[in-house]
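Each chain, written out:
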Amino acid sequence: MQDIMELIRRKDPEQREFHQAVKEVLISIEPVLEQNPVYREAKILERLVEPERLIVFRVPWVDDRGEIQVNRGFRVEMNSAIGPYKGGLRFHPSVNLGILKFLAFEQVFKNALTTLPMGGGKGGSDFDPKGKSENEVMRFCHSFMAELYRHIGANTDVPAGDIGVGAREIGYLFGMYKKLRNEFTGVLTGKSLNWGGSLVRPEATGYGSVYFCAEMLATRSKTLEGTTCLVSGSGNVAQYTAEKLIELDAKVVTLSDSSGYIFDESGIDREKLEFVKTLKNIRRGRIKEYAEKYPQAVYTPVDPALDYNPLWNHAADCAFPSATQNEINAKDARNLVNNKVQVVCEGANMPTTPEGIDIFIDSGLLYGPGKAANAGGVSVSGLEMTQNSMRLSWNRDEVDNRLKMIMANIHQTCLDAAARYGHAGNYMVGANIAGFVKVVDAMLDQGVV
Ligand code: NDP
């Protein structure tokens, strides 16, 4: 394990998030490696941490003032042992190779857990859609796809959305792909309904995270009804997490963006959530406007001098980090435990630092790691690919029922794998082991490629 960590640190010393993601998996799979020397002989770990292909490209575009802008585009094709590369595109100024490699690495195991035939990948750009006009976003997306199109395809690599990439961006990306390839295929998921999208895809990550949470609570004979929930973020995952929680009679009291968070003690109901959806998806405004519209809510701006996030310091039963990586540090984790939170269910990817995870696991609360809890999004992306291949569309109940079944299966798979290796109830170890075994066994079957 140490050799592998040294190897990746030496090769790419600045890729801290990637090192963090790899270390978490390596620690979890130690007992599997001990029992299966064949994995070491086949240099499986060395192969797993090296992306099959890295694509880095220039994205030039012209802004509304007629000035030329240049961003950097990426696609990390991490592992295709069990299917075409699959994973989202992130447009955010913080995007770099280390972040995308961590996301692609996580995606490999997550996709394996869904039981659908999807390999792992991730991509994006350091482009910031915030404050850009519609035309600027369109020109950027078209330029991005003018290079990416030659590397992807319905049977090769199927990107989707992530932070900063929603239905609008997928539309522009698809338009350019279709024009350049002169074909209409399911090369992107998260498409709009009237041209190849799947029902429940926009909702899938948030709904799936709540279904996973309900499964975890059921192991302690509890339900979400009447619980108080902290949700971070206010984008796609946060909105649909809140929507499903409200439907199940839980009370959601927080939402956030990168500028601050709102706390609404009376609960965010359906009407208030509709306001948030319009604010974020159409007007593209800031969450502080929630407190202007509903004055009983308190808005707290981000304070860079604080070494914790006050959003995680409210009394609650459940926490759903649904914004970004490393948004819960050790102090936040301690605050959640001290406030008697019973379950932490990760809608975001790797939102908890390793020290935070240790605190959750030691405390005995139910901890659902992102690669299991947020797998609903990619699962319904997989179902979108299936519907595109069949040239059929399933109705809402059919997709939602399949999503529920997949989340229940992932939950059980994690529990079974954890118990088999002496870590009963540890979803993180279970998710890592189950995902790892499925992928590396496929790699062994396919030989040294
Ligand atoms: P969106 O872009 O729709 O929303 C992201 C939200 O998180 C926004 O409220 C944003 O605030 C906030 N945010 C982003 N970066 C930061 C930051 N550095 N600090 C504080 N807040 C931040 O993205 P999604 O909802 O799609 O994604 C959220 C998380 O869920 C990510 O970790 C993503 O990888 C993960 N995920 C998403 C899936 C999907 O299907 N969309 C599937 C599985 C996981 P602001 O507007 O100010 O930037």
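Keep in mind it's a predicted model, so treat the numbers as computed, not measured.

About the thresholds
- Residues numbered from 1 in each chain as written.
- Predicted model: local features only at pLDDT ≥ 70, side-chain atom pairs only at ≥ 80, totals over all residues.
- Heavy atoms only, no water.
- Pairing = 2+ DSSP bridges.
- Helix = DSSP H or I, 4+ residues; strand = E, 2+ residues; numbered from the N terminus.
- Axes fitted to C-alpha atoms, helices over the stretch in contact; angles between N-to-C directions.
- Near = heavy atom within 4 Å.
- Polar contact = N/O pair within 3.5 Å; in protein donor to acceptor, adjacent residues only side chain to side chain.
- Areas by Shrake-Rupley, 256 points an atom, 1.4 Å probe, with all protein chains shown as cover.
- Nonpolar A, V, L, I, M, F, W, Y, C, P; charged D, E, K, R; others polar.
- Phe/Tyr/Trp six-rings, centres within 6.5 Å; stacked < 30°, edge-to-face > 60°.
- Buried < 20%, exposed > 50% of the residue type's maximum accessible area, 1.4 Å probe, protein only.
- Contact = heavy atoms within 4.5 Å.
- Lys, Arg positive; Asp, Glu negative; His and termini not counted.
- Salt bridge = Lys/Arg side-chain N within 4 Å of Asp/Glu carboxyl O.
- Arc of directions from axis to C-beta.
- Right-handed = clockwise from strand over helix to strand, strands pointing away.
- Patch = residues over 30% accessible without salt bridge, like charges linked within 9 Å, V, L, I, M, F, W, Y side chains within 5 Å.
- Parallel < 35°, antiparallel > 145°, perpendicular 65-115°, else oblique.

Chemist: For this particular structure, what's the right way to read the sheet that holds strand β8 (residues 254-257)?
Modeler: Hydrogen bonds between backbone groups are what pair the strands of a sheet, and the pairing can be parallel or antiparallel. Across the sheet, which stays open at both edges, the three strands sit in the order β8-β9-β10 with antiparallel pairing between neighbours. Because the sheet does not close on itself, it has two edges, and the strands there are β8 and β10 (298-301). Strand-to-strand twist in this sheet, taken as the mean axis angle between neighbours without regard to direction, amounts to 15°. Inspection of the sheet shows strand β9 (residues 260-263) paired to β10 by four bridges, in the antiparallel sense. Looking at the pairing, F263 lines up with V298 of β10.

Chemist: How should I be thinking about the site of the ligand in this particular structure?
Modeler: For the ligand, the set of nearby residues contains 25 residues, the closest of which are D162, T205, S258, R286 and N349. At a separation of 2.9 Å, an oxygen atom of the ligand approaches a polar backbone atom of G164. A distance of 2.4 Å is found between an oxygen atom of the ligand and a side-chain nitrogen or oxygen belonging to S258. Protein contacts shield 83% of the accessible area of the ligand, which totals 890 Å² for the unbound molecule. Where the shell around the ligand is concerned, the elements lending two or more residues are α8 (201-218), α9 (236-247) and β8. Of the residues belonging to the shell around the ligand, the class tally is four nonpolar, 14 polar and seven charged.

Chemist: Help me out: how do you make sense of the packing of aromatic side chains in this one?
Modeler: Describing an aromatic ring pair means giving the distance of the ring centres and the angle of the ring planes. All chains considered together, the criterion is met by 20 aromatic pairs. Measuring from ring centre to ring centre gives 5.4 Å for W61 and F127, while their planes differ by 85°; the resulting arrangement is edge-to-face. Separated by 66 residues along the polypeptide, W61 in strand β1 (residues 53-62) and F127 in the loop between β4 (120-125) and α6 (134-148) bring together distant segments of the chain. No difference in accessibility class separates W61 from F127, as the two residues are buried. With a centroid separation of 6.2 Å and an interplanar angle of 75°, the aromatic rings of Y207 and Y240 are classed as edge-to-face.

Chemist: Looking at this structure, how should I read the sheet that holds strand β3 (residues 85-91)?
Modeler: Spatially, β1-β2-β4-β3-β5 is the arrangement adopted by the five strands of the open sheet, whose pairing is mixed. Two strands in the sheet have a free side with no partner beyond their single neighbour: β1 and β5 (157-160). With strand direction ignored, the average angle separating the axes of adjacent strands in the sheet is 20°. As paired strands, strand β2 (residues 68-79) and β4 are joined by six bridges and run antiparallel to one another. Among the inter-strand pairings, F74 is bridged to a residue of β4, identified as G124. The sheet strands contacting α6 are β1, β2, β3, β4 and β5, and the helix crosses β1 at an angle near 140°.

Chemist: Explain the side chain of E346 to me, please; I cannot follow it from the model alone.
Modeler: Along the chain, E346 falls in the loop between β12 (343-345) and α13 (354-363). No salt bridge is formed by the buried E346, whose closest oppositely charged neighbour, K371, lies at an N-O distance of 7.7 Å. Among the polar contacts made by the side chain of E346, one reaches the side chain of Y367 at a distance of 2.9 Å. A polar side-chain atom of E346 sits 2.8 Å from the main-chain amide nitrogen of G370. Discounting residues that sit within four places of it in the chain, E346 has contacts with P321, P351, T352, Y367, G368, P369, G370, A373 and N374.

Chemist: Whenever I open this one, α13 confuses me. Can you help?
Modeler: Along an α-helix, residues three or four apart share an orientation, since each turn contains 3.6 residues. Taken together, the buried positions of α13 are occupied by G356, I357, I359 and F360. In a view along the axis of α13, the buried residues occupy a sector of 160°, so they form one face of it. Among the residues trailing α13, G364 stands out with phi positive, at a value near 85°.

Chemist: Hey, could you run me through the pairing of β3 in this one?
Modeler: The two faces of a sheet get side chains in turn, since along a regular strand they alternate between them. Burial analysis of β3 places seven of its seven residues in the buried class, the great majority of the element. Sheet analysis places β3 next to β5, joined by four bridges and oriented parallel. Along β5, the bridge assignment pairs G87 with P159. In the sheet, β3 pairs with β4 via three bridges, with the strands oriented parallel. If you follow R90 over to β4, its bridge partner there is G124. For the segment spanning β3, helix α5 (residues 97-113) and β4, crossover handedness is right-handed.

Chemist: Explain the pattern of salt bridges to me, please; I cannot follow it from the model alone.
Modeler: Side chains that carry opposite charge are capable of pairing whenever their charged atoms lie near each other. Under the defined criterion, the tally for this structure stands at 24 salt bridges. The salt bridge involving D12 is made with K101; its shortest N-O contact spans 3.2 Å. Taken together, the residues span a long stretch of sequence, with D12 in the loop between α1 (2-11) and α2 (16-35) and K101 in helix α5 at a distance of 89 residues. Residue D12 is classed as partly exposed on the basis of its relative accessible area, which comes to 21%. Residue D162 is joined to K122 by a salt bridge in which the shortest nitrogen-to-oxygen separation is 3.0 Å.

Chemist: Hey, could you run me through a nonpolar patch on the surface in this one?
Modeler: A cluster of nonpolar side chains, namely V62, I68 and V70, defines an oily patch on the protein surface of about 280 Å² accessible area. Relative to the assigned elements, I68 resides in strand β2. Using a relative accessible area of 63% as the deciding quantity, one classes I68 as exposed.

Chemist: Please explain the packing of helix α16 (residues 396-420) against helix α17 (residues 427-446) as it appears in this structure.
Modeler: A pair of packed helices is characterised by two quantities: the angle between their axes and the separation of those axes. The contact between α16 and α17 brings their axes to 7 Å, and the two run at 95°. Between α16 and α17, the crossing angle belongs to the class labelled roughly perpendicular. Together, H411, T413, C414, L415, A417 and A418 of α16 and Y427, G430, A431, I433 and A434 of α17 make up the contact between the two elements. Residues of the contact of α16 with α17, tallied by class, amount to eight nonpolar, three polar and no charged.

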